[in-house]
Amino acid sequence: MNQITLTFPDKSTRSYSAGVTPLEVAQSIGPRLASDTVVARINGTLTDLAIPINQDTEITFYTGDTPEGHEILLHSAAHLLAQAVKQLFPKAKVAIGPAIENRFYYDFDIDGTFSEKDLRRIEEKMRELAKADHEVSRIELSREAAIAEFRAQDETYKVEIIEELPEDEKITAYRQAEFIDLCRGPHVSSTGKIKYFKLLESSGAYWRGDERNKMLQRIYGTAFSSKKQLKDYLHFLEEAKKRDHRKLGKELSIFTFDDEVGPGLPLWLPNGAIIIEELEQLAKEKERAAGYVRVRTPHLTKGVLYEKSGHLEHYQDDMYPAMDVDGTKYYVKPMNCPHHHKIFAAEQRSYRDMPIRLAEYGTCYRYEKSGQLFGLMRVRSMQMNDAHIYCTMEQFADEFLAVCQLHLEYFEIFGIEKYEMRLSLHNKEGLGEKYVNEPELWVKTEAIVRQALDDGGINYVEIPGEAAFYGPKIDVQVWSAIGKEFTLGTNQVDFAIPQRFGLTYTNQDGVAETPLCIHRAPLSTHERFIGFLIEHYGGDFPLWLAPIQVAVLPVSEKVNTYARQVKNQLLSANIRVQLNDRPDKIGAKIRNAETSRINVMLIVGAREAENETVSVRRRFQGDLGQQSLADLINQLKNEIKQRSLTSGI
RNA sequence: GCCACCGUAGCUCAGCUGGUAGAGCAACUGAUUUGUAAUCAGUAAGUCGGGGGUUCGAGUCCCUUCGGUGGCUCCA
């Protein structure tokens, strides 16, 4: 028999008989590797462990705790789910079942829905099938055979998928015991490799995500290669639940919703209003320093403006219906840009004035579909950290980069450590349809944007086909302290709308030119940003953002007078302070302040009153001992001024 | 918008197969005057999301409507 040479990632080589399988190779190296490996990479392609190798090649093994291996594990778990469902619900038809980040799902067409009880039964069945350790084998099928096979099983969705595969596509299926599923693979070699998994929830999902299609029942689950990882992930989900901004927002009296006000229309309570004011203060400082000027625009506008801007054509479904005012249609504004364009147009502009940066925390209203509303993260009234920068082509790169850098400054202030800038580009197919038909301008602008990012040393990923219709954009993804993902700021280039508005400036040669426009909102909207901050900080805001910064806690009513003096001094230092002069025991007052997430607690009793001091207790730090009130005030003022993320600097 | 689930006191929740509501915390009152995460006692509090129906009788069953949640899709 022929010998072949396999090269391992460490460049070492071994010789095997031709036809050896990756699983056998793994076994030859060690039983542990063989049992942990879920997939192999051979000549750059991920491959099943049972496929014979017939020539010299490089080979890499992936265990379930590598990204590659984990994805396979999740995908195979989806198959296991489908097998279990088919056994328990023979009439169910399977649709698709991919791996997604940390989870998998499978869509089924069944009569009715899956109940909690069904999920438990299905999970039980999955365990049984995993324990049986059925071999998972790959089957190659001709197009006709595949269609015949799945038609015989009445798997109409699979037949539909096969019929839409390109003619030359190799069709494969995977079999585990009696269950055969159309799939490209690869998969784990046997069901026993799927050890640690859990079904999470079920919900409706349209076939192919199209609401005109039938609603299928989707089951979500997760799987990991070790018990610990599964436990950690479930713990993360629980932790995320605890930090849910809807829960904390209520507990900390930040915002509320009211049936009689309307869905998606938040009411900001005093604590929330304080956070808003601090954020606006920050934005105003940063924007003033960066040369922005502030403007203000009305909430209500005639329809003609949105005809001109294209909103009625492209965006009407997301706008509140018009109201009739003396026979004229008026709309509440869904975006601020048309108004800012009008402000640009209100005066003669010279190249000497450029760039013009118009900023406004503008309030917008969008008629989001009811099913999309979600706490503060998706609302119908919102206030945006909006600005539009009008500039010349020459100024554009600098302006765009400055906005990106502003994002980075904000990340530092808020302690956002993980983020991703997504440069969203056009694609040729979309020109004239999804995107304004200016092929050269697209290519040119995208090149400038890319260059600006490269020059500025900004890390980004490119995503083709995700641009706005008027130009390329950067969407900013951030991850909260516990790793939950959010879409926040945006930075968009617009080379189309200024033209529609006839915006011009006079260049050095006395000729009217159309400016470029950058739409940007680094701090997103108050709603989404504060929603994010609540979850990011888990309710424990840094001092500068905390609605109540200091609680003064007298040990007994005997020292209430001194406590009031302390409170007043803090107030005059512009520190937000609350005095708890109820007749409670000090332990109860402390507990109260702790559960309200108050950062600084000042315990005052006879000793403190005598020495003009306070006993400082800080959240997460405990008792810090006595300190003079004057020193403490200076320290807190400094911490607030620095917008420090850590206490006690 | 669509599918599913949920909606009981300010909050968190209990209330079995229908027999006109209950706990803890919070609030309020009184007593206690307290030294780093809960002092004790008492009081008040709900047209069980709204409307309609079935029934002798509905928090419980049915319909409808409003709101929320998980998804589909979209996005700040």
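Just so you know, these numbers come straight off a predicted model, no measurement behind them.

Asks: Got a minute to help me understand the sheet that holds strand E21 (residues 381-391) in this structure?
Replies: Backbone hydrogen bonds are what pair the strands of a sheet, in a parallel or an antiparallel way. The 8 strands are arranged E16-E20-E21-E28-E25-E24-E22-E23 in an open sheet whose pairing can be described as mixed. Two strands lie at the open edges of the sheet, namely strand E16 (293-294) and strand E23 (461-464), each paired on one side alone. Here strand E24 (residues 473-479) pairs with strand E25 (residues 485-494) via 6 bridges, running antiparallel. Counterpart to Trp-479 in the pairing with E25 is Glu-485. Along the sheet, helix H14 (residues 439-455) makes contact with strand E22 (418-425), E23, E24 and E25, crossing E22 at roughly 160 degrees.

Asks: Any chance you could explain the nonpolar core here in plain terms?
Replies: Note that soluble globular proteins tend to have their nonpolar side chains buried in a common cluster. If you look at the biggest cluster of nonpolar residues, it comprises 97 residues, and the most contacted ones within it are Phe-414 and Leu-570. In terms of residues, this core owes the most to one element, helix H13 (residues 393-414), which gives 10 residues. Two domains share this core, each providing at least three of its residues, namely domain 3 (267-297 + 336-537) and domain 4 (550-642). Judged by nonpolar contacts, the second largest core, of 33 residues, contains Phe-89, Val-94, Ile-122 and Ala-223.

Asks: Looking at this model, I keep getting lost on the domain arrangement of chain A. Mind explaining?
Replies: In many reports, interface size means the accessible area that the parts give up when they come together. The domain architecture assigned to chain A consists of domain 1 (3-63), domain 2 (75-234), domain 3 (267-297 + 336-537) and domain 4 (550-642). Taken over C-alpha atoms, the centre of domain 1 sits 66 Å from the centre of domain 4.

Asks: Is there a simple way to think about the protein's contact with RNA strand B in this case?
Replies: In the vicinity of RNA strand B, 61 residues are found, and the nearest of them are Arg-378, Leu-488, Ser-524, Glu-557 and Glu-608. Close to the protein, within 4 Å, the atoms of RNA strand B belong to sugar or phosphate groups at a rate of 50%. Interatomic distance of 3.2 Å between a side-chain N/O atom of Glu-201 and a sugar or linking oxygen of RNA strand B. Listing elements by their share of the surface near RNA strand B, those giving two or more residues are strand E12 (196-206), strand E13 (215-224), helix H8 (245-251), E25, helix H18 (586-595), helix H19 (606-611) and strand E32 (613-618).

Asks: How should I be thinking about unusual backbone geometry in this particular structure?
Replies: In most cases, non-glycine residues show a negative phi, while peptide bonds are predominantly trans. The omega torsion across Met-354 and Pro-355 is -5 degrees, close enough to zero to call that bond cis. On the secondary structure map, Pro-355 appears in the loop between helix H12 (337-345) and strand E20 (356-365). Phi angles above zero are rare outside glycine, and Ser-253 is one such case at about 50 degrees. Secondary-structure assignment places Ser-253 in the loop between H8 and strand E14 (255-256). Here Ser-253 falls in the partly exposed class, since its relative accessible area comes to 34%. Within the chain, Ser-524 stands out as a residue other than glycine whose phi angle is a positive 60 degrees. Along the chain, Ser-524 falls in the loop between strand E28 (516-520) and helix H16 (526-537).

Asks: Honestly, the confidence of the model for chain A in this entry has me stumped. Any pointers?
Replies: Fine structural detail should not be taken from predicted coordinates in areas where pLDDT scores are low. Residue-level pLDDT values for chain A average 89, and 99% of them are 70 or greater. Predicted complex, confidence summary: ipTM 0.91, pTM 0.89.

Asks: What's the story with the packing of aromatic side chains in this structure? I'm lost.
Replies: Here the distance between the centres and the angle between the planes together describe a pair of aromatic rings. Scanning the entire structure with this criterion turns up 18 aromatic pairs. Between Phe-414 and Phe-529 the ring centres are 4.9 Å apart and the planes differ by 75 degrees, which places this aromatic pair in the edge-to-face class. Of this pair, Phe-414 sits in helix H13 while Phe-529 is found in helix H16, placing the two residues 115 residues apart along the sequence. Accessibility assignment for this pair places Phe-414 and Phe-529 in one class, buried. Grouped by ring-pair contacts, the aromatic residues Phe-414, Phe-486, Phe-529, Phe-532 and Trp-544 constitute a single cluster. Its end group placed over the ring of Phe-197, Arg-127 keeps NZ or CZ at 4.5 Å from the ring centre.

Asks: Can you walk me through the environment of Tyr-320 in this structure?
Replies: Along the chain, the position of Tyr-320 falls in the loop between helix H11 (311-314) and strand E18 (323-325). Sequence separation between Tyr-320 and Val-332 is 12 residues; the distance between their C-alpha atoms is 6.7 Å. What Tyr-320 contacts, discounting residues up to four positions off in sequence, is Leu-265, Tyr-331, Val-332, Tyr-365, Arg-366, Tyr-367 and Arg-380.

Asks: What is the right way to look at the pairing of E13 in this model?
Replies: Buried residues dominate E13, accounting for 9 of its 10 residues. Strand direction decides the pairing type here: strand E8 (residues 103-109) and E13, joined by 5 bridges, are antiparallel. When the sheet's bridge partners are listed, Tyr-106 is paired in E13 with Ile-219. Where E12 meets E13, 10 bridges bridge the pair, whose relative direction is antiparallel. Bridge assignment links Ser-203 to a residue of E13, and that residue is Arg-218.

Asks: Can you walk me through the sheet that holds strand E10 (residues 171-176) in this structure?
Replies: In space, the 3 strands of this open sheet follow the order E9-E10-E11, with antiparallel pairing throughout. Edge positions in the sheet fall to strand E9 (136-141) and strand E11 (179-182), since each of these pairs with one other strand and no more. Strand after strand, the sheet turns through a mean of 30 degrees between neighbouring axes, direction not considered. Where E10 and E11 come together, 4 bridges link them in antiparallel fashion. Each bridged residue has a counterpart across the sheet, and for Ala-173 the counterpart in E11 is Leu-182. Along the sheet, helix H3 (residues 67-88) contacts E10 and E11; its crossing angle with E11, the most-contacted strand, is approximately 130 degrees. Seen against the sheet, helix H5 (residues 143-152) touches E9, E10 and E11 and runs at an angle of roughly 130 degrees to E11.

Asks: Explain a negative patch on the surface here, please?
Replies: Among the surface-exposed residues, Glu-144, Glu-167, Asp-168 and Glu-169 lie close enough to one another that they form a single negatively charged patch. Mapped onto the elements, Glu-169 comes out in the loop between helix H6 (156-164) and E10.

Asks: What's the story with a nonpolar patch on the surface in this structure? I'm lost.
Replies: A surface patch of nonpolar side chains, about 210 Å² in accessible area, is lined by Leu-300, Met-323 and Val-325. As for its position among the elements, Val-325 is in strand E18. Overall, Val-325 belongs to the partly exposed group, its relative accessible area being 32%.

Asks: So what exactly am I meant to see when it comes to the packing of helix H9 (residues 270-289) against H13 here?
Replies: Relative orientation and spacing of two packed helices are given, respectively, by the angle between their axes and the distance between those axes. For the pair H9 and H13, the least separation of the axes is 12 Å and the interaxial angle reads 140 degrees. Comparing their axes, H13 and H9 come out oblique. In the crossing of H9 with H13, the sense of the turn from one axis to the other is right-handed. Residue-level contacts link Leu-279, Leu-282, Ala-283 and Lys-286 of H9 to Leu-406, Glu-409, Tyr-410, Ile-413 and Phe-414 of H13.

Procedures and definitions
Residues numbered from 1 in each chain as written. Chains lettered and ligands numbered in written order. Predicted model: local features only at pLDDT ≥ 70, side-chain atom pairs only at ≥ 80, totals over all residues. Heavy atoms only, no water. Pairing = 2+ DSSP bridges. Helix = DSSP H or I, 4+ residues; strand = E, 2+ residues; numbered from the N terminus. Contact = heavy atoms within 4.5 Å. Axes fitted to C-alpha atoms, helices over the stretch in contact; angles between N-to-C directions. Core = buried A, V, L, I, M, F, W, Y, C linked by side-chain atoms within 4.5 Å. Buried < 20%, exposed > 50% of the residue type's maximum accessible area, 1.4 Å probe, protein only. Domains from an automatic or database assignment. Near = heavy atom within 4 Å. Polar contact = N/O pair within 3.5 Å; in protein donor to acceptor, adjacent residues only side chain to side chain. pLDDT = per-residue confidence, 0-100. Phe/Tyr/Trp six-rings, centres within 6.5 Å; stacked < 30°, edge-to-face > 60°. Lys NZ or Arg CZ within 6 Å of the ring centre and 35° of its normal. Patch = residues over 30% accessible without salt bridge, like charges linked within 9 Å, V, L, I, M, F, W, Y side chains within 5 Å. Areas by Shrake-Rupley, 256 points an atom, 1.4 Å probe, with all protein chains shown as cover. Salt bridge = Lys/Arg side-chain N within 4 Å of Asp/Glu carboxyl O. Lys, Arg positive; Asp, Glu negative; His and termini not counted. Charge placed at Lys NZ, Arg CZ, Asp CG, Glu CD. Parallel < 35°, antiparallel > 145°, perpendicular 65-115°, else oblique. Left-handed = near helix turned anticlockwise from the far one by under 90°.

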